[in-house]
Amino acid sequence: MIRTSLRPRGSVAARGIAVLAASALVLTACGNGGDDETPAGEDDEQTQEDEAAGTGEAGDRDLTLEIGTVLPQTGALAFLGPPEEAGVLLAEKHINEADLGITVNVTLGDSGDPDNRAYATTVPQLLNAGVHAIIGAASSGVSKLFIDEVVAAERLMISPANTSPDFTTWDDDNLYWRTAPSDLLQGEVLGNLIAQDGVANLGIIYLNDAYGTGLEAVLTETFEAANGTVVASESYNAGDTTFDAQISSVIAQNPDAIVLITFEEVKTIIPAIDAAGFDTTNLYFVDGNIADYSEDFDPGLLEGAKGTQPGPDLGDEFREELNTVWTEAGNPELVDYNYAAESYDAVILAALSALAANSVEGPAMAGKMQEVSGGTGGGEKATDFAAAAQIIIDGGVVDYDGPSGPISFDENGDPTEATIGIFEYDAENSLTRLN
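Conventions adopted
- Residues numbered from 1 in each chain as written.
- Predicted model: local features only at pLDDT ≥ 70, side-chain atom pairs only at ≥ 80, totals over all residues.
- Heavy atoms only, no water.
- Helix = DSSP H or I, 4+ residues; strand = E, 2+ residues; numbered from the N terminus.
- Buried < 20%, exposed > 50% of the residue type's maximum accessible area, 1.4 Å probe, protein only.
- Contact = heavy atoms within 4.5 Å.
- Areas by Shrake-Rupley, 256 points an atom, 1.4 Å probe, with all protein chains shown as cover.
- Phe/Tyr/Trp six-rings, centres within 6.5 Å; stacked < 30°, edge-to-face > 60°.
- Lys NZ or Arg CZ within 6 Å of the ring centre and 35° of its normal.
- Pairing = 2+ DSSP bridges.
- Right-handed = clockwise from strand over helix to strand, strands pointing away.
- Axes fitted to C-alpha atoms, helices over the stretch in contact; angles between N-to-C directions.
- Parallel < 35°, antiparallel > 145°, perpendicular 65-115°, else oblique.
- Left-handed = near helix turned anticlockwise from the far one by under 90°.
- Nonpolar A, V, L, I, M, F, W, Y, C, P; charged D, E, K, R; others polar.
- Core = buried A, V, L, I, M, F, W, Y, C linked by side-chain atoms within 4.5 Å.

Trainee: So, the overall build of the protein chain: which residues are in play, and what are the values?
Mentor: Of the regular secondary structure elements, the protein chain holds 13 helices and 15 strands. Here the protein chain, with 435 residues, has 55% of them falling under the buried criterion. Contacts in the protein chain between residues far apart in sequence, at least 24 positions, make up 69% of those at least 6 positions apart. As presented, the protein chain carries roughly 16,500 Å² of accessible surface, and 45% of it is formed by carbon and sulfur atoms.

Right, here's the structure in full:
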């Protein structure tokens, strides 16, 4: 896969990090011209008020929004990188094709994971290059390791996949937002699904980080509230390569089913569970590991196993567009689409907030994020960037609903509306959506 860390994309293809760093970082729009009778000084004062309020006319907006991604090209979540980056690139394409007062330039960067720490190089490079918004990380645990750095730099940060409940109350100066719902919702849906499937005794194997511990806690609470019993719950640490102790401990308690709250380690865990004699069709998956395993395991190994993934069912047209923009960038076709829509909407919402604020400065955009998502109520609905941008340019308030759903941010930067998909594996270890 051709995905060089921090490669720039956009209307100036050859523009790299060094060039970005040397370019003007404060990009403001031109003001309105007053009539001949406007007293001296009032024209400039009104222009400044219009820019601050985002109420200028269409001709006033000539913004360039530099976006950097911190998404997994390597590490335990690398399978999420392609759909997420494809979503970002497709949003860039749609925004620039609309030509409505804002141009987006995307620079792709690697988040890695807490083990290889690619983010520790990527984030400073992006911030030093003058990006106005960071899209990422995918992992809640990784985001926690650099969120304060982004906030201190007063840049907007939008994660398409962070689900840890901890971010709801994070001290982020209103600069952190996420288009994926908190695990409070996914945990409830998964816990109730398992109970409805007739499971009485449940085992859990989970990653010991912000994502894993948060989801495990909500899942346990929900399942036990539905009169189920979690008979064993075992954690492992990032970077672990063997899981025999956790598997043995859980299976020893004779669970009817096992939930795997993991990332890529699941490819090691599943064969080990099978070798231990547990029926792998009674496994449950979550967003961190639910993927097409038709090329990884023998047919039938996962047939009947289920899992959950935030996000609505993506239409064929959107999937085709994602594949087109991804393959045109020199990559093979997408296999999974996890968080592609959330990544797309993160970029669209950043651009809309910039238009509404008539500014690409982080705090100014952050001040409009809730509004453009419909979280403040009263906005005019739009389902694509061009229509949404035109509403703003015409002086209205937009309520953008994208392919990931309505979103409608609350004051904490969390989506208040979300869809959790329920999936089942077929005989080929591929996924079928049930809802």
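The discussion continues.
Trainee: Go over the packing of aromatic side chains, please, and point to the residues and values.
Mentor: Evaluation of the coordinates by the stated rule reveals 11 aromatic pairs. Summarising the aromatic geometry, the rings of Tyr-293 and Phe-297 are spaced 5.6 Å apart at their centres and angled 45 degrees between planes, so their arrangement reads as tilted. The buried category is assigned to Tyr-293, whose relative accessible area is 3%. Note on Phe-297: relative accessible area 11%, which makes it buried. These aromatic residues form a ring-pair network of at least three members: Phe-285, Tyr-293, Phe-297 and Tyr-425. The ring of Tyr-337 carries Arg-319 above its face, with NZ or CZ at 4.5 Å from the centroid.

Trainee: Describe in detail the pairing of strand S2 (residues 63-70), supporting the description with residues and values.
Mentor: Buried residues dominate S2, accounting for 7 of its 8 residues. Strand direction decides the pairing type here: S2 and strand S3 (residues 102-108), joined by 6 bridges, are parallel. Bridge pairing in S3 places Leu-65 opposite Val-104. Assessed by its sense of winding, the connection that carries the chain from S2 through helix H3 (residues 81-98) to S3 is right-handed. Across 4 bridges, S2 lies against strand S4 (residues 133-136) in parallel orientation. Each bridged residue has a counterpart across the sheet, and for Val-70 the counterpart in S4 is Gly-136.

Trainee: Can you explain the packing of helix H6 (residues 183-196) against helix H7 (residues 210-225)? Please cite residues and give values.
Mentor: Where H6 meets H7, the axes come as close as 8 Å, and the angle between the chain directions of the two elements is 45 degrees. Compared by their axis directions, H6 and H7 come out oblique. In this structure, H6 meets H7 at a crossing whose hand is right-handed. Within the contact between the two elements, H6 uses Asp-183, Leu-184, Gln-186, Gly-187, Glu-188, Leu-190, Gly-191, Asn-192, Ile-194 and Ala-195 and H7 uses Tyr-211, Leu-215, Val-218, Leu-219, Thr-222 and Phe-223. Its residues assigned to classes, the contact of H6 with H7 comprises 9 nonpolar, 5 polar and 2 charged.

Trainee: Explain the nonpolar core to me, and be specific about the residues and the numbers.
Mentor: Ranked by size, the top nonpolar core spans 74 residues in total, and within it Leu-65, Ile-67, Ile-102, Phe-146, Leu-156, Leu-352 and Phe-385 carry the most contacts. The element that contributes the greatest number of residues to this core is helix H11 (residues 340-357), accounting for 13 residues. Sequence-distant contacts of Phe-385, defined by excluding residues within four places in its chain, comprise His-94, Ile-95, Ala-98, Ile-102, Ile-348, Ala-351, Leu-352, Leu-355 and Tyr-400. Core analysis: the second largest hydrophobic core is formed by 52 residues, Ala-232, Ala-257, Phe-285 and Ala-291 among them.

Trainee: Explain the sheet that holds strand S7 (residues 201-207) to me, and be specific about the residues and the numbers.
Mentor: Read from one edge to the other, the open sheet built from 7 strands follows the order S8-S7-S9-S10-S11-S14-S15, with strand pairing classed as mixed. Each edge of the open sheet is held by one strand with a lone partner, namely strand S8 (229-236) and strand S15 (431-433). Taking each pair of neighbouring strands and ignoring which way they run, the sheet shows an average axis angle of 25 degrees. By the bridge criterion, 7 bridges tie S7 to S8 in an arrangement that is parallel. The partner of Asn-201 across the bridge, within S8, is Thr-229. In the packing of H6 onto the sheet, contacts are made with S7, strand S9 (257-261), strand S10 (283-285), strand S11 (306-310) and strand S14 (420-425), and the angle to S11 comes to roughly 160 degrees.

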